[in-house]
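Remarks on the overall topology
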Amino acid sequence: MKPSIEILSDPEQLARAAAQRIVVHSKAAVSKNGTVTIALSGGSTPKRLYELLANADEEFFSQISWDQVQFFWTDERHVGPDHPDSNYRMVNEAMLSKVPIESAQVHRMLGELTDPNEAAHRYDSLLKKTFDSELPRFDLVLLGLGNDGHTASLFPGTTALLEQHQLVTAPWVEKLNSHRLTMTLPLLNNAATIVFLVSGSEKADILTQVLDGPPSQFPAQLINPVNGQLTWLVDRAAATNLTLQ
Ligand code: 6PG
């Protein structure tokens, strides 16, 4: 299925469009399965989205069955949950600390473990147990796009891109001089719905290369749901050079 691309006027409209999609997909999953599983992206782009969802004065909050949501992370830095770089910390501050959700519904990667491979293994096991499946299928996965074409913590030239068996892996990322924890392509591509959020003029070049350029050049281009829907929500600044306009 070809990905759908929606261009929003600015970052706020991008966040609102993403929030609306989360409401729609959550309602559908909850009515079908009594729960909704969402893998959250880190970085800065989705922060406003998380703030919108958590704001009881906004239209989205009351439309989400918070007691039936299970939150996961697509990736994490090799840091503890209180570290400024922690994706968990960003999501907790923007959303989780403000919504009626139990800690048992929040499944963070243990970035604080000294051995990142142990953290990856534990998350891999947690996913298999939680989903009762060797290859879990998320209802919804949120992803961002790095300037080098990475997504989650699947960076160009890393072994994580080749992983076809583990659900979670802990690649060494030379350019960051650190390990990362990341869901792998087989897991991500097994999702029912994947939504990329891309915002800002600084992403215009990479977004054009990813969407309009030759395939399989960047990790983000390897995101293709096997049996699911892929949507790109991008703002006008990031979409400046796209040919499809
Ligand atoms: C992370 C994210 C990463 C992010 C992109 C875009 O841990 O940083 O998972 O994949 O989505 O780097 O980041 P920005 O949204 O900050 O541009």
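Residues numbered from 1 in each chain as written. Predicted model: local features only at pLDDT ≥ 70, side-chain atom pairs only at ≥ 80, totals over all residues. Heavy atoms only, no water.

**Concerning the site of the ligand**
Looking at the ligand, there are 16 residues lining it, with Ser44, Thr45, Arg77, Ala152 and Lys203 nearest. In this structure, an oxygen atom belonging to the ligand sits 3.3 Å away from a side-chain N or O atom of serine 41. Measuring from an oxygen atom of the ligand, one finds a backbone N or O atom of alanine 152 at 2.6 Å. Protein coverage of the free-state accessible area of the ligand, which is 420 Å², stands at 88%. Taken together, the residues of the shell around the ligand sort by class into 2 nonpolar, 10 polar and 4 charged. (Near = heavy atom within 4 Å. Polar contact = N/O pair within 3.5 Å; in protein donor to acceptor, adjacent residues only side chain to side chain. Areas by Shrake-Rupley, 256 points an atom, 1.4 Å probe, with all protein chains shown as cover. Nonpolar A, V, L, I, M, F, W, Y, C, P; charged D, E, K, R; others polar.)

**Points about the packing of helix H1 (residues 11-33) against helix H2 (residues 47-54)**
Where H1 contacts H2, the two axes come as close as 9 Å, and the packing angle between them is 55 degrees. Taken together, the axis directions place H1 and H2 in an arrangement best described as oblique. Between H1 and H2 lies a crossing of right-handed hand. In this structure, H1 uses Glu12, Ala15, Arg16, Ala18, Ala19 and Ile22 to contact H2, whose residues at the interface are Arg48, Leu49, Leu52 and Leu53. For the contact of H1 with H2, the class distribution of residues is 7 nonpolar, no polar and 3 charged. (Axes fitted to C-alpha atoms, helices over the stretch in contact; angles between N-to-C directions. Helix = DSSP H or I, 4+ residues; strand = E, 2+ residues; numbered from the N terminus. Parallel < 35°, antiparallel > 145°, perpendicular 65-115°, else oblique. Left-handed = near helix turned anticlockwise from the far one by under 90°. Contact = heavy atoms within 4.5 Å.)

Shape is all these values report; function is a separate question.
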